[in-house]
Amino acid sequence: MDLQSLAVILQGALSFNPTERKAAEESLNQFQYAPQHLVRLLQIIVEGNCDMAVRQVASISFKNFISKNWCTNDPGEPSKILPEDKEVVRQNILNFVTQVPPLLRVQLGECLKTIVQEDYPAQWPTLLSWVKHNLQDQQVYGALFVLRILSRKYEFKSDDDRLPVNHIIEETFPLLLNIFNGLIQIPNPSVEVADLIKLICKIFWSSIYLELPKQLFVPNVFNAWMILFLTVLERPVPLEGQPADPELRKSWGWWKVKKWTVHILNRLYTRFGDAKLQNPDNKAFAHNFQKNYAGKILEYHLNLLNAIRVGGYLPDRVINLILQYLSNSISKSAMYHQLQSKIDILLFEIVFPLMCFNDNDQALWDDDPHEYVRKGYDIIEDLYSPRTAAMDFVCELVRKRGKDNLQKFLLFIVGVFKRYDDAPAEYKPYRQKDGALLAIGTLCDKLKQTEPYKSELEHMLVQHVFPEFSSPVGHLRAKAAWVSGQYAHINFSDSNNFRRALHKVVAGMRDAELPVRVDSVFALRSFVEACSDLNEIRPILPQLLDDFFKLMNEVENEDLVFTLETIVDKFGEEMVPYALGLCQNLAAAFWKCMNSAEADEEGDDPGALAAVGCLRAISTILESINRVPHLFVHIEPTMLPIMSRMLTTDGQEVFEEVLEIVSYMTFYLPTISLEMWSLWPLMMEALRDWAIDFFPNILVPLDNYISRSTEHFLTCKEPDYQQSLWNMISSVMGDKNLEDGDIEPAPKLIQVLFQNCRGRVDHWLEPYLRITVERLHRTEKPYLKCLLMEVVADALYYNASLTLSILQRLNVATEVFNLWFQMLQQTKKSGARANFKSEHDKKVCCLGLTSLLPLPADQLPVEALDRIFKSTLDLLVAYKDQLAEASKEEEEGEEEDDDMENFESDGDDSDKEMGVEAEDGDEADSLKLQKLAARAKAFRNSELDDDTDDDFSEDDEELQSPIDDVDPFVFFVDTIKVLRASDPLRFEKLTQTLDLHYRALADGVAQHAEHRRVEIEKEKIAKAAEAAAAATS
């Protein structure tokens, strides 16, 4: 296609006629892989005679194509761009960058990032030479622009990955220094000069971000750079040309230069200028920096800050960075000494005013209260905020230098309070009072643990904070709620003061001003956490929840959802009457948040975080109603649309939270509905395509489906869930690209299948054993080896004869059993078992080995029988000891809990007030209805080094499975009785070969088995009695 035809098609892509636009887009897609198409797009971009709109469409199309196709994902995959086309692009794009207008330069810059990232240095060795040449020619801007992109490639690289940057610095930094020096000396410099200096600063920043280049360790070289940075820092920003609009002014070139200079000096100071943090090689540099530069930078910073004291302008980001530098200086004696003479002016005339409510706050409060709330709760905004930096400075000052400054600062705050109290209403310094309250709230951690202030907190709240709940000024009502929340956990000598604050905060949820309502909800969380008598809240709970959801309909904020979570968690089962309504409201809020997040092209909408919060709150509610399974039936229709949609790629950001909800639903629903079963294929598809990192989370609901709806799992053929499970597990376990840790849930799922479908999946025994042994051959992690071996143990328990014949048919029986016995005998340096550490692991092995004992001699020779018998005895004894140790620890834990209860409180019947009966039967029942979080954890394992005792998960004890009701001691003794009855001679030969040690072990196990029979019978009788009592109550 020639240039003219391509330009016509691009023009069509701008058409307002949808048909024409679609036809143009289809043509572009059709020809995008044609030879020289990319080159022609580049030609149109730089063609000055072309319409600018067409050039812009060409630049976007060019950028998108390069972003998608320049790099190949698979090393063996052929590139979709011809090598000769790539070469033409590389040869021309560098010169074109400076020729095109800024609007197009941005797009070409993005293309350069992609190309540099992929091609430099191997495929583009001439790039650095071009940069070096043009730094000495007339194309300085283009060279700096490209060098900035090149340096960014290595900004976060370290060690060997950083080697190319050393050569780049060696070749270019001397030239940059000369250019920088020349630019600084230009009289009355234009804003174009600022753009060049800004690029040099950005290149320097990327080059020093992680490591200091060796060239800068040369004192004369580093000093030359520092002279230039200090000159820029000290020199006033030109007045001429500054935009009047504050938004444009902070982005103006010379203020950008100032910001980047402060940024660089902060980085040098905090990362390389502290001798205590440096390795021995860098200590000399740190000492030199402290001695020759740190104090001078501090002096210039203080001079800059003085501008805002006298009403001058300083961008917010520059103020923030300077205060960060000051905060880092407080702990260093020499720097603090330099600060001390100016600390009062700094603290009371610069820092405190930054903490006060200002004109910009008021304008935003009035014009866009939603944006005011968003900025107030946005962590990213905090990173750039002068107010946050001021708060951090005060905190650091009283923490590190409290002796000199805490009392002085608090006396100043008290002075603000007094002036406010004394002034008539029309002259009250409302904004200063706001700043003083912010200061008190910010220092809460320090004040709550420091006398004499600790004893005066309640009085301070009553006298200076609580009255502002009734202030005519909205921002003071909001601040009163926030400060009260900060101190909700103190010990109130008068409980009426706590009650008063609580009710004022609750009333604030119905305030006319949105920010007051939001701050009140945020504060409420602290009061709910601190509330020892829930009767304070219980009567107003319905109204509270109603107000809460009205607010959620107005604003998307994850902190609101945190408060709801706290309420649900605190009231537990008392939330049952509200559960359905809560879930419906939260579901509606979730959809609203997701729609908002999807509509936000920048990706910084708070709706995404709030959506996560909604799902977490739903999980908290589901957990609180686990004793009322029928409620889950009513909640299911509300949850199904969320689960169905968010288990696809649409839900990647909330996938973990959705899986937790699916886990609760599949575990607590009285029966798993066909609608819930429709989620199975979605999880399998996700696991196959992109969700392998979520395998431990997906495992939990899959286990629930198999264990709680076994009949449907086994009998349904459309879809065939058994085949689906096999397809997934065989794919995962056969994937050589997956690490051992990635596939741990797979053998656990096989165990779930064998344990729950005993006698009904004979045809699956061989395939699963085959892939288990295949994976065992290449497994390195001990924990995965144990899991795979437990699959064999579970298969033996499922059907020992069939399993053994399969292993023999696969010619792996001897190999597998030798490895198993080796693992059973392996110990660590401490003498503890290296494998099968948890009670669950030992039990599975005991049941598997025991199942082998009654096999006939033609399947199990007598020498193998002897070995299995002894190994099982050893394992049973170890299992018994572990149970005894766990029981002892539990008793000791209960005693500690009792001690804490006696120590802590008034011995009230808070459990009964919460609607929880503390009867043994309920506690036993609740073990069967553990939090699903515990079930999820049961499938996770943290792999630590071999010398720890924690490298195997003990959370497996929380799992429920059919083997829970099988006592391994009783099972062992009953199996031996079967062996003795069926083959007395074989039994006699076995016992005669035992030495005294193993005979003693066998007798002990037999006695313990009888003891367990008695206990089990007692437990059955007790459960029957409890069930009868529950039925009649």
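Reading the values: the criteria
- Residues numbered from 1 in each chain as written.
- Predicted model: local features only at pLDDT ≥ 70, side-chain atom pairs only at ≥ 80, totals over all residues.
- Heavy atoms only, no water.
- Helix = DSSP H or I, 4+ residues; strand = E, 2+ residues; numbered from the N terminus.
- Buried < 20%, exposed > 50% of the residue type's maximum accessible area, 1.4 Å probe, protein only.
- Contact = heavy atoms within 4.5 Å.
- Areas by Shrake-Rupley, 256 points an atom, 1.4 Å probe, with all protein chains shown as cover.
- Lys, Arg positive; Asp, Glu negative; His and termini not counted.
- Charge placed at Lys NZ, Arg CZ, Asp CG, Glu CD.
- Arc of directions from axis to C-beta.
- Salt bridge = Lys/Arg side-chain N within 4 Å of Asp/Glu carboxyl O.
- Phe/Tyr/Trp six-rings, centres within 6.5 Å; stacked < 30°, edge-to-face > 60°.
- Expected span 1.5 Å × (residues − 1).
- Polar contact = N/O pair within 3.5 Å; in protein donor to acceptor, adjacent residues only side chain to side chain.
- Patch = residues over 30% accessible without salt bridge, like charges linked within 9 Å, V, L, I, M, F, W, Y side chains within 5 Å.
- Core = buried A, V, L, I, M, F, W, Y, C linked by side-chain atoms within 4.5 Å.
- Axes fitted to C-alpha atoms, helices over the stretch in contact; angles between N-to-C directions.
- Parallel < 35°, antiparallel > 145°, perpendicular 65-115°, else oblique.
- Nonpolar A, V, L, I, M, F, W, Y, C, P; charged D, E, K, R; others polar.
- pLDDT = per-residue confidence, 0-100.

(A) Seen up close, the overall build of the protein chain. In terms of helices and strands, the protein chain carries 52 helices and zero strands. Residues counted as buried form 51% of the 1033 residues belonging to the protein chain. Restricting to contacts in the protein chain with at least 6 residues of sequence separation, those with at least 24 account for 75%. Surface summary for the protein chain: the accessible area is close to 48500 Å², and the carbon and sulfur share equals 50%. Taking the 106 positively charged and 161 negatively charged side chains of the protein chain as two groups, their mean positions are separated by 6 Å.

(B) Layout of helix 16 (residues 333-340). Of all the positions in helix 16, only M335, Y336 and L339 are classed as buried. Along the axis of helix 16, the buried positions cluster into a sector of 95 degrees, meaning they face one direction only. Summarising the geometry of helix 16, the exposed residues directed more than 90 degrees from the buried face are S333, A334 and H337. The secondary structure elements touched by the buried residues of helix 16 are helix 13 (253-272), helix 14 (280-309), helix 15 (316-329), helix 17 (343-355), helix 21 (386-400) and helix 22 (402-422).

(C) Here's a closer look at the pattern of salt bridges. Applying the stated criterion across every chain, the model contains 39 salt bridges. Residue D547 pairs with R510 through a salt bridge whose shortest N-O separation is 2.7 Å. On the criterion of sequence distance, the pair formed by D547 in helix 29 (residues 541-554) and R510 in the loop between helix 27 (495-508) and helix 28 (514-530) is long-range, its members being 37 residues apart. Residue R510 is classed as partly exposed on the basis of its relative accessible area of 48%. In the salt-bridge network here, residues are joined through shared partners; they are E371, R374, D378 and E381.

(D) Layout of the packing of aromatic side chains. Per the stated rule, a full pass over the model turns up 55 aromatic pairs. Each ring, one from F204 and one from F229, has its centre 4.9 Å from the other, and the planes form 70 degrees; the classification is edge-to-face. Separated by 25 residues along the polypeptide, F204 in helix 10 (residues 191-208) and F229 in helix 11 (residues 219-234) bring together distant segments of the chain. Taken as a pair, F204 and F229 share a single burial class, namely buried. Here the aromatic rings of Y420 and Y430 are separated by 5.8 Å at their centres, their planes lie at 75 degrees, and the arrangement is edge-to-face. Taken together, the residues Y420 in helix 22 and Y430 in helix 23 (residues 430-442) connect sequence positions 10 residues apart. Comparing Y420 with Y430, the two get one shared label, buried.

(E) Helix 21, seen in detail. Taking 1.5 Å of rise per residue, 15 residues should cover 21 Å, and helix 21 covers 21 Å from first to last C-alpha, within 8% of that figure. Where helix 21 is concerned, the buried positions are P386, T388, A389, A390, M391, F393, V394, E396, L397 and V398. For helix 21, the side-chain oxygen to backbone nitrogen distance between the N-cap and R387 is 3.1 Å, and the N-cap itself is S385.

(F) Structural view of a nonpolar patch on the surface. Taken together, the side chains of I380, L383 and Y384 make up a nonpolar region of the molecular surface, amounting to roughly 300 Å² of accessible area. Positionally, Y384 belongs in helix 20 (residues 379-384).

(G) How the structure looks around the nonpolar core. Core analysis: the biggest nonpolar cluster contains 338 residues, and F62, L268, L326, L725 and W820 have the highest contact counts within it. Take this core: its biggest share by element is 13 residues, from helix 42 (residues 782-798). What F62 contacts, discounting residues up to four positions off in sequence, is L38, L41, L42, I45, V89, I93, L108 and C111. By size, the runner-up hydrophobic cluster in this structure holds five residues, among which are F357, W365, A478 and V516.

(H) Examining unusual backbone geometry more closely. Here the bond from Y120 into P121 is cis, since omega is 0 degrees, no more than 30 degrees from zero. Mapped onto the secondary structure, P121 falls in the loop between helix 6 (102-119) and helix 7 (127-135). Residue P719 follows E718 across a cis peptide bond; omega there is 0 degrees. Tracing the backbone through its elements, the reader meets P719 in the loop between helix 38 (710-715) and helix 39 (721-734). Located in the positive-phi region is N188, a residue other than glycine, with phi close to 45 degrees. Along the polypeptide, N188 turns up in the loop between helix 9 (163-184) and helix 10.

(I) Seen up close, the environment of S158. Note on placement: S158 falls in the loop between helix 8 (140-152) and helix 9. By relative accessible area, which is 31% here, S158 ends up partly exposed. Note: C-alpha distance between S158 and V628 (470 residues apart in sequence) is 55 Å. Not counting residues up to four positions away in its chain, the partners in contact with S158 are L210 and E211.

(J) Layout of a negative patch on the surface. Among the surface-exposed residues, E885, E889, E890, E891 and E892 lie close enough to one another that they form a single negatively charged patch. Under the relative-accessibility criterion, E891 is labelled partly exposed at 47%.

(K) Representation of the packing of helix 1 (residues 3-12) against helix 3 (residues 37-46). Put simply, helix 1 and helix 3 touch, their axes get as near as 10 Å, and they point 75 degrees apart. When the axis of helix 1 is compared with that of helix 3, the two are roughly perpendicular. Note on element contacts: helix 3 touches helix 1 through H37, R40, L41, Q43 and I44, opposite L3, L6, A7 and L10. When its residues are assigned to classes, the contact of helix 1 with helix 3 shows six nonpolar, two polar and one charged.

(L) Expanded view of the confidence of the model for the protein chain. Residue-level pLDDT values for the protein chain average 89, and 92% of them are 70 or greater. Across residues 900-957, where pLDDT falls below 50, the model places 104 contacts with residues more than four positions away in sequence or in other chains.

(M) Summary view of the environment of I621. Considering the arrangement of structural elements, one finds I621 in helix 32 (residues 607-624). Judged by relative accessible area, which is 0%, I621 ranks as buried. Along the sequence, I621 and G572 sit 49 residues apart, while their C-alpha atoms lie 8.1 Å from each other. Excluding residues within four positions of it along the chain, I621 makes contact with V568, A579, L582, C583 and L586.

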